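Commentary on secondary and tertiary structure
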Amino acid sequence: IWSSALHASKTIRPQLPSDLQKPLEKAKHGEINPVITWLQQEILRVENNERIVVTPLDMAVRHFHLGNLYHAQNALARARQEFQHVLKLDPINSRALLGLGALVSTQENPREAISFWEHYLMLYPKAEKSGMIQQRVMAERVKLLRQQTQ
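Since the structure is predicted, the reported quantities are computational estimates derived from the model, not experimental observations.

**Thoughts on unusual backbone geometry**
Working note: non-glycine residues mostly have negative phi, and peptide bonds are mostly trans. The backbone phi angle of Asn 74 is positive, close to 65°, even though this residue is not glycine. Within the fold, Asn 74 resides in the loop between α4 (56-72) and α5 (76-89). Even without a glycine there, the phi angle at Glu 108 is positive, about 55°. Following the sequence through the fold, Glu 108 ends up in the loop between α6 (94-106) and α7 (110-123).

**Overview of the confidence of the model for the protein chain**
Across the protein chain, the average pLDDT comes to 83, with 81% of residues at 70 or higher. By mean pLDDT, the top-scoring element of the protein chain is α5 (96), and the lowest-scoring one is helix α1 (residues 2-11) (38). Taken together, the stretch residues 1-14 has pLDDT below 50 and engages in 6 contacts with residues farther than four places along the chain or on a different chain.

**A look at helix α8 (residues 130-149)**
Along its 20 residues, α8 runs 29 Å from first to last C-alpha, staying within 8% of the 28 Å computed at 1.5 Å per residue. Listed in full, the buried residues belonging to α8 are Ser 130, Ile 133, Val 137, Glu 140 and Leu 144. Buried positions in α8, seen along its axis, are confined to an arc of 70° and lie on one side of it. Away from its buried face by more than 90 degrees, α8 exposes Gln 135, Leu 145, Arg 146 and Thr 149. Contacts made by the buried residues of α8 are with α6 and α7.

**What about the packing of helix α3 (residues 32-47) against α4?**
α4 packs onto α3 with a crossing angle of 150° between their chain directions and a minimal axis gap of 10 Å. Between α3 and α4, the crossing angle belongs to the class labelled roughly antiparallel. In this structure, the crossing between α3 and α4 has a hand that is left-handed. Across the interface between the two elements, Ile 32, Val 35, Ile 36, Leu 39, Gln 40, Glu 42, Ile 43, Val 46 and Glu 47 of α3 pack against Met 59, Arg 62, His 63, His 65, Leu 66, Leu 69, Tyr 70 and Ala 72 of α4. The residue makeup of the contact of α3 with α4, split by class, is 11 nonpolar, 3 polar and 3 charged.

Each value, and the rule that gives it
Residues numbered from 1 in each chain as written. Predicted model: local features only at pLDDT ≥ 70, side-chain atom pairs only at ≥ 80, totals over all residues. Heavy atoms only, no water. Helix = DSSP H or I, 4+ residues; strand = E, 2+ residues; numbered from the N terminus. pLDDT = per-residue confidence, 0-100. Contact = heavy atoms within 4.5 Å. Expected span 1.5 Å × (residues − 1). Buried < 20%, exposed > 50% of the residue type's maximum accessible area, 1.4 Å probe, protein only. Arc of directions from axis to C-beta. Axes fitted to C-alpha atoms, helices over the stretch in contact; angles between N-to-C directions. Parallel < 35°, antiparallel > 145°, perpendicular 65-115°, else oblique. Left-handed = near helix turned anticlockwise from the far one by under 90°. Nonpolar A, V, L, I, M, F, W, Y, C, P; charged D, E, K, R; others polar.

Right, dumping it as structure tokens:
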């Protein structure tokens, strides 16, 4: 049973909760700050039991999108916190692993980027993006070698 549940969780992407669709649509059109504020308040309402209880996966989706919005604003420390929060709620969340890998890669931290991306590849070896991620891992290894020889 566990292996089939794990397989299902790897292959089925949770649908975007309906209450997130409109705010995220606004963010696509450049209205990032109000959406960040709304998401922060939404998360607080859930955490303070002021809103109907949502599943951990629904909370992970909220934190993931908040992380993406922070990343878009170059608030990298906050983006990292949100992506890490996603992994606490959903340890095999592919998008959070990819997001963290990309984020730390831009911060010139190849060792950590490799770690996130190799974890992704271990969980999703046949994923559509696995070839691209393998190329990124190799590029980060080259960066690491250059850092060590300087």
